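# Residue-level structure breakdown
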Amino acid sequence: MIILRDEGRLPDDYYFRNHENKEVVKLYIDFSLDQYQYADWEGRGLELQTQLPPEENQKSETDDVIMRTNFQKLLKMIDYNQQLLNNYNPESSEYLAYLRLHKKLIEQRKIYISRLNRVVN
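Reference entry: report on the structure contained in this document.

What counts, and at which threshold
- Residues numbered from 1 in each chain as written.
- Predicted model: local features only at pLDDT ≥ 70, side-chain atom pairs only at ≥ 80, totals over all residues.
- Heavy atoms only, no water.
- Axes fitted to C-alpha atoms, helices over the stretch in contact; angles between N-to-C directions.
- Helix = DSSP H or I, 4+ residues; strand = E, 2+ residues; numbered from the N terminus.
- Parallel < 35°, antiparallel > 145°, perpendicular 65-115°, else oblique.
- Left-handed = near helix turned anticlockwise from the far one by under 90°.
- Contact = heavy atoms within 4.5 Å.
- Core = buried A, V, L, I, M, F, W, Y, C linked by side-chain atoms within 4.5 Å.
- Buried < 20%, exposed > 50% of the residue type's maximum accessible area, 1.4 Å probe, protein only.

### A few points about the packing of helix 3 (residues 54–87) against helix 4 (residues 93–116)
Orientation of helix 3 relative to helix 4, taken along the N-to-C sense of each, is 155°, at an axis distance of 9 Å. One finds that helix 3 runs roughly antiparallel with respect to helix 4. Note on packing geometry: the crossing formed by helix 3 with helix 4 is left-handed.

### Let's talk about the side chain of His102
Position of His102 relative to the elements: it lies in helix 4. In contact with His102, other than residues within four places in its own chain, are Ile78, Asn81, Gln82 and Leu85.

### Let's talk about the nonpolar core
Core analysis: the biggest nonpolar cluster contains 7 residues, these being Phe71, Leu74, Ile78, Leu105, Tyr112, Ile113 and Leu116. For this core, the elements supplying multiple residues, two or more each, are helix 3 and helix 4. For this core, the element with the most residues is helix 4, which contributes 4 residues.

Structure follows, in structure tokens:
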């Protein structure tokens, strides 16, 4: 415990913040502040624009990741179906089945694009 010799009292934070040894100042700052503490921006009239804490944002983030993953799978399905269409005779029944499937996949792609706020050609 540090006691100021001249005054017989414990030093306050002013003593450590203005100490002549910079390492003491650094130690004081490291020990006195929480590692994850923000400055008092709200008190200064400045709002931080950050996302919600994970516990409040988890569902929407999870839904977004699932939707983006499904969208990528859908794009691969569209490409694969397009390759199948190129291999069949346009007058065959298989071609017509894959063409109907392709139209449904394109409709689904439009839905995903609107939900994800994306622009795709």
